[in-house]
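# Overview (structure and organization)
Listed here are the chains, written in short residue letters.
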Amino acid sequence: MRQIVLDTETTGIDPKDGHRLIEIGAVEVVNRRLTGNNFHQYINPERDIDPEAVEIHGITNERVADEPVFADVADAFWEYIRGGELVIHNAAFDVGFIDHEFGLLQNKRGGPRLGPVAEYCGVLDTLAMARKMHPGQRNSLDALCKRYAIDNGRRVLHGALLDAEILSDVYLAMTGGQTALSLAGVEGGAGDDAEGANSVSGIRRVAREGVTLAVTRPSETELNAHRAKLDGIRQAAGECHWDALDEASQGSS
């Protein structure tokens, strides 16, 4: 699966008020592995950037004055994302701006239509995912970094490419972390498989023949504590399912 973890920076909050993109950052993930095939572009928005927005991302009018306008990068950006699954934190915001830019471009130059994003790409919103996984908790990108022990020390200000890189780590952690085990030097290991490190079919099992496992039994003190706990459950709930398990184990012995 080809996924594009993406973030944008803008001149303001709402494209309906004439705000535009000023930075796009994206990293490619294929079969849960970063490929290094990234997309990063600053954009001249052809308008001023709101001071409040500058405080968030630090990108000034002077910084983007000599950058290409969106029309000059639109085709390359579209080819990069088309057909992939976009992984975005608060996807409605970024997709709204991207579709707005494609709409302005269509009105200006005509020709083949680019977008809308949702018709040509999958869209996965990690904010919506985090809210389902962690209801009632803070689910900003910084909060998720803290929750999943992702280093975001470089994130003093928002930046599209940096935030996309951080989000890729967060997303992989949210969805289970590393799923394939690469065992270098092991015959038949993942590195020798036709699909490389993305296959787990070559994992070597450890032989257990002749291995004796030590069995540690509870002490009388521990057993008494266990029985007291079960008595408390019976008194509170009227029954204890452990009793049925005990009867079954005694019947089979």
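All residue numbers refer to positions counted from 1 along the written sequence of the respective chain. Selection of residues for local features in this predicted model requires a pLDDT of at least 70, selection of side-chain atom pairs for listing and counting requires 80 or more, and totals for whole chains, interfaces and linings are taken over all residues. With hydrogens and water stripped out, all remaining heavy atoms of the structure feed into the side-chain values.

On a plain count of helices and strands, the protein chain comes out with ten helices and six strands. Any residue under 20% of the maximum accessible area for its type is buried, any over 50% is exposed, and the rest in between are partly exposed; the area is computed with a 1.4 Å probe on protein chains only. Going through the 253 residues of the protein chain one by one, you find that 36% of them count as buried. Considering only contacts in the protein chain between residues 6 or more positions apart, those separated by 24 or more positions represent 62%. Entry remark: accessible area of the protein chain is about 15,200 Å², with carbon and sulfur atoms responsible for 51%. Runs of E in the DSSP output that reach at least two residues are strands. Runs of H or I that reach at least four are helices, and both are numbered from the N terminus. The contact definition used throughout considers only heavy atoms, calling two residues in contact when any of these lie within 4.5 Å. For accessible areas, the Shrake-Rupley method is used with a probe of radius 1.4 Å. Any residue's cover is judged against the shown protein chains and nothing else.

Core analysis: the largest hydrophobic core is formed by 25 residues, its most contacted members being Phe70, Phe77, Ile81 and Phe102. The set of elements that each furnish at least two residues to this core consists of strand E1 (2-10), strand E2 (21-30), helix H3 (70-81), strand E5 (85-88) and helix H4 (91-109). No other element matches H3, which puts seven residues into this core. In this structure, Phe102 is in contact with Phe70, Ala74, Phe77, Trp78, Leu114, Gly115 and Val117, ignoring residues within four places of it in sequence. Counting 19 residues, the second largest nonpolar core, distinct from the first, contains Val27, Leu124, Leu141 and Val170. By convention a nonpolar core is built from buried Ala, Val, Leu, Ile, Met, Phe, Trp, Tyr and Cys residues, the set being connected through side-chain atoms within 4.5 Å.

So, about the UniProt feature "binding site: a divalent metal cation" (unreviewed entry) in the protein chain. UniProt positions are given in the numbering used here, feature names are shortened, and annotations may be inferred rather than shown by experiment. When the UniProt feature table is mapped onto this chain numbering, "binding site: a divalent metal cation" (unreviewed entry) sits at Asp7, Glu9 and Asp163. For the annotated residues, spread through 157 residues, the largest C-alpha to C-alpha distance comes to 10.1 Å, consistent with a single compact locus. Tracing the sequence through the fold places Glu9 in strand E1. Take Glu9: its relative accessible area is 6%, and that puts it in the buried class. Setting aside residues no more than four positions away along its own chain, Glu9 makes contact with Arg20, Leu21, Ile22, Glu23, His57, Ile59, His158, Gly159, Ala160 and Asp163. Within the secondary structure, Asp163 sits in helix H8 (residues 160-174). Taking relative accessible area as the criterion, Asp163 reaches 4% and is therefore assigned buried.

Looking now at the pairing of E5. Examined bridge by bridge, E1 and E5 share three bridges and lie parallel to one another. If you follow Gln3 over to E5, its bridge partner there is Glu85. Pairing analysis gives four bridges linking E5 to strand E6 (residues 122-125), with the strands arranged parallel. Counted as the bridge partner of Leu86 is Val123 from E6. A pair of strands is treated as paired once DSSP finds two or more bridges between them.

Of all the nine residues making up E1, eight are buried; the element is thus mostly covered by neighbouring parts of the structure. Where E1 and E2 come together, nine bridges link them in antiparallel fashion. Its bridge partner being in E2, Asp7 is matched across the sheet by Gly25.

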